[in-house]
Amino acid sequence: MNLVNGKVINSEECERVLENIDEMLISTLRKTPLDVEKVIHACDCMVQNAEQLDIIKKLPELGISPVLTSMYIGQVKSMLGADAIKRRLKIELGENYNKPQELVYAHSGAKAAQTLAPLGVLFHITAGNVDGLPFISLLDGLFTGNINIVKLPKQEGGITVSLLLELFKIAPELQEYVYVFDYSSKDLHAMRKLAKVANAIVVWGGDEAVSAVRRLAEPNTKIIEWGHKISFAYVTKSGAKNTTLLEKLAMNICLTNQLFCSSCQGIFIDTDNMDEVYKFCEEFLAILERISAVHPFAFDEAAMIFIKAGATLQFYHERIERSENKVFKGNDCSVTACRDSKLEPSMQYRNVWVKPLNRDDIINLRGYKNYLQTAALICSDDEYTELAEKLIRAGIIKVSDGFEMSSYALGEGHDGEFTLRCYTRVVSVQN
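Residues numbered from 1 in each chain as written. Predicted model: local features only at pLDDT ≥ 70, side-chain atom pairs only at ≥ 80, totals over all residues. Heavy atoms only, no water.

Asks: Help me get a handle on the environment of Ile 378, residues and values and all.
Replies: Tracing the backbone through its elements, the reader meets Ile 378 in strand 15 (residues 372-378). For the pair Ile 378 and Lys 241, spaced 137 residues apart in sequence, the C-alpha separation works out to 9.6 Å. (Helix = DSSP H or I, 4+ residues; strand = E, 2+ residues; numbered from the N terminus.)

This is how it looks when you write it as structure tokens:
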């Protein structure tokens, strides 16, 4: 689905826009800069009745469970109210982000005013692993006063355009700051054209997506990478006895189906003993199976056949080609015990690996540097501070309990950075 100037357009109209997009962007840039207060007001109005939005009512049809839908509504309301947005702007951009700061040149005493300005035009190439990601990504661009071009991922479900149309009803002046296209990444002509007119490309995705954008972008185009990350849980002997915390971890695995960068892919156990790993696998499988039954898959039958077929092939690989691994198979979920301590993605869809990793060896995870994101730490209270520090020294960005792995706290950094700061530049004008 394509959206330009607040109107849904077909592919033929899309091509005409593509040919003239540079002139359209320049026309907007010549005008008075975007009033961010209007963006904030529009978001605040929209989320007041978030439950009544048509696209929210249709989320179950997109395979999103009622529990996850409820969580999304709660997060949207907490993130996009006016007070929350303004607080976030102050956290990420500074208490006086919207006021000029006086500078003085030491050699002459001359003065200048320093402030923040938008990068200009952002080209968001988004991934499909997080529901509503294109909309959230472009909102961050609007909060920083940028024009936003968005390439939708496959099977996005119409969430972004539906929400934007609601936003434009409240603030139609925002329309010329948003372009949405459903071009394929393989359409190199379109991708190069959109990349060329952007001041920065915001890319979400794995190594392959990031590498493709680097080849696509010209040398004078900034690239902002939100690349592939891997998250996991770390469980100590005392943590393995805490059923409540393990249930929270199982909830994350089931609600996200391990599709997010912040989802638990696997579990490291604080041990060198494989018998302890096997024992934990048996016990955690029972918990995972119980939680999975309470929160069944929300996919339709055809999708479930595809998911189960993929899992079956993976199990075959584990049992035949990697015979050193032991698979504990449950109903619609599994736990695989591995002898190595490598950090790797899981099979997803409630299939988790478990590996030994002595606490003294946590620092070895630094070899995965830019892939590390969230760690759920499940241990006793007197172990928590020490182990959290070890995980952070290894390169982890966020330490939480199992349930909050994939949650967002207002003002929390993303992959160790403040998003809004990445979308602005510091400018100064001598008085």
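Now that the structure has been shown, the text picks up again.
Asks: Give me the lowdown on the domain arrangement of the protein chain, citing residues and values where you can.
Replies: Looking at the assigned domains, one finds that the protein chain contains domain 1 (2-228 + 415-430) and domain 2 (230-400). Inter-centroid distance (C-alpha atoms) of domain 1 to domain 2 is 33 Å. Listed by partner, the interface residues are 14 residues for domain 1 and 13 residues for domain 2. The contact between domain 1 and domain 2 buries some 1,100 Å² in all, and 61% of this surface belongs to carbon and sulfur atoms. Our enumeration of links across domain 1 and domain 2 arrives at 0 salt bridges. Applying the counting criterion to the domain 1 and domain 2 interface returns 2 residue pairs in polar contact (both at pLDDT 80 or more). Broken down by class, the residue content of the side of domain 1 that touches domain 2 amounts to 6 nonpolar, 6 polar and 2 charged. (Domains from an automatic or database assignment. Contact = heavy atoms within 4.5 Å. Buried area = accessible area lost by both parts, 1.4 Å probe. Salt bridge = Lys/Arg side-chain N within 4 Å of Asp/Glu carboxyl O. Polar contact = N/O pair within 3.5 Å; in protein donor to acceptor, adjacent residues only side chain to side chain. Nonpolar A, V, L, I, M, F, W, Y, C, P; charged D, E, K, R; others polar.)

Asks: Can you tell me about the pairing of strand 3 (residues 101-104), naming the residues and giving the values?
Replies: Looking at chain direction, strand 3 and strand 4 (residues 111-118) are connected through 4 bridges and run antiparallel. If you follow Leu 103 over to strand 4, its bridge partner there is Ala 112. Two successive antiparallel strands, strand 3 and strand 4, enclose a turn made up of 6 residues, where Gly 109 displays a positive phi of approximately 80°. (Pairing = 2+ DSSP bridges.)

Asks: Give a description of the packing of helix 2 (residues 36-48) against helix 7 (residues 159-170) that names residues and reports values.
Replies: For the pair helix 2 and helix 7, the least separation of the axes is 9 Å and the interaxial angle reads 115°. When the axes of helix 2 and helix 7 are compared, the pair comes out roughly perpendicular. As for the relative orientation of helix 2 and helix 7, their crossing is right-handed in sense. Contacts between helix 2 and helix 7 involve His 41, Ala 42, Cys 43, Cys 45 and Met 46 from the first element and Leu 163, Glu 166, Leu 167 and Ile 170 from the second. When its residues are assigned to classes, the contact of helix 2 with helix 7 shows 7 nonpolar, 1 polar and 1 charged. (Axes fitted to C-alpha atoms, helices over the stretch in contact; angles between N-to-C directions. Parallel < 35°, antiparallel > 145°, perpendicular 65-115°, else oblique. Left-handed = near helix turned anticlockwise from the far one by under 90°.)

Asks: Quick one: what's the story with the packing of aromatic side chains, residue by residue and with numbers?
Replies: What the rule picks out here adds up to 6 aromatic pairs. For the pair Trp 204 and Trp 226, a centre-to-centre distance of 5.9 Å together with 40° between the ring planes defines the contact as tilted. Of the two residues, Trp 204 sits in strand 8 (residues 200-205) while Trp 226 sits in strand 9 (residues 222-227), which places them 22 residues apart along the sequence. The buried category is assigned to Trp 204, whose relative accessible area is 15%. Since its relative accessible area comes to 3%, Trp 226 is described here as buried. Taking NZ or CZ as reference, Lys 326 lies 5.0 Å from the ring centre of Tyr 278, over its face. One residue, Arg 350, lies across the ring of Phe 297, its end atom 4.1 Å from the ring centre. (Phe/Tyr/Trp six-rings, centres within 6.5 Å; stacked < 30°, edge-to-face > 60°. Buried < 20%, exposed > 50% of the residue type's maximum accessible area, 1.4 Å probe, protein only. Lys NZ or Arg CZ within 6 Å of the ring centre and 35° of its normal.)

Asks: Requested: an account of the side chain of Ser 346, with residues and values cited.
Replies: Note that Ser 346 resides in the loop between strand 13 (333-337) and strand 14 (351-356). A polar side-chain atom of Ser 346 sits 3.1 Å from a polar atom in the side chain of Gln 258. Side chain to side chain, Ser 346 and Gln 265 meet in a polar contact 2.8 Å long. Setting aside anything within four residues of it in sequence, one finds Ser 346 in contact with Gln 258, Gln 265, Asn 351 and Trp 353.

Asks: Kindly report on a nonpolar patch on the surface, identifying the contributing residues and their values.
Replies: A contiguous nonpolar patch, built from Met 1, Val 8 and Leu 165 and spanning about 240 Å² of accessible area, is present on the exposed surface. Locating Val 8 in the fold gives a position in strand 2 (residues 7-9). (Patch = residues over 30% accessible without salt bridge, like charges linked within 9 Å, V, L, I, M, F, W, Y side chains within 5 Å. Areas by Shrake-Rupley, 256 points an atom, 1.4 Å probe, with all protein chains shown as cover.)

Asks: Outline the packing of helix 1 (residues 11-29) against helix 8 (residues 188-196), listing residues and values.
Replies: Helix-helix packing: each pair is described by the crossing angle between the helix axes and the interaxial distance. At their nearest, the axes of helix 1 and helix 8 sit 10 Å apart, and the two run at 15° to each other. In this view, helix 1 runs roughly parallel relative to helix 8, as classed from their interaxial angle. As helix 1 packs across helix 8, the resulting crossing turns out to be left-handed. In this structure, helix 1 contributes Leu 18, Glu 19 and Ile 21 to the contact, and helix 8 contributes His 189, Ala 190, Lys 193 and Leu 194. Within the contact of helix 1 with helix 8, the residues separate by chemical class into 4 nonpolar, 1 polar and 2 charged.

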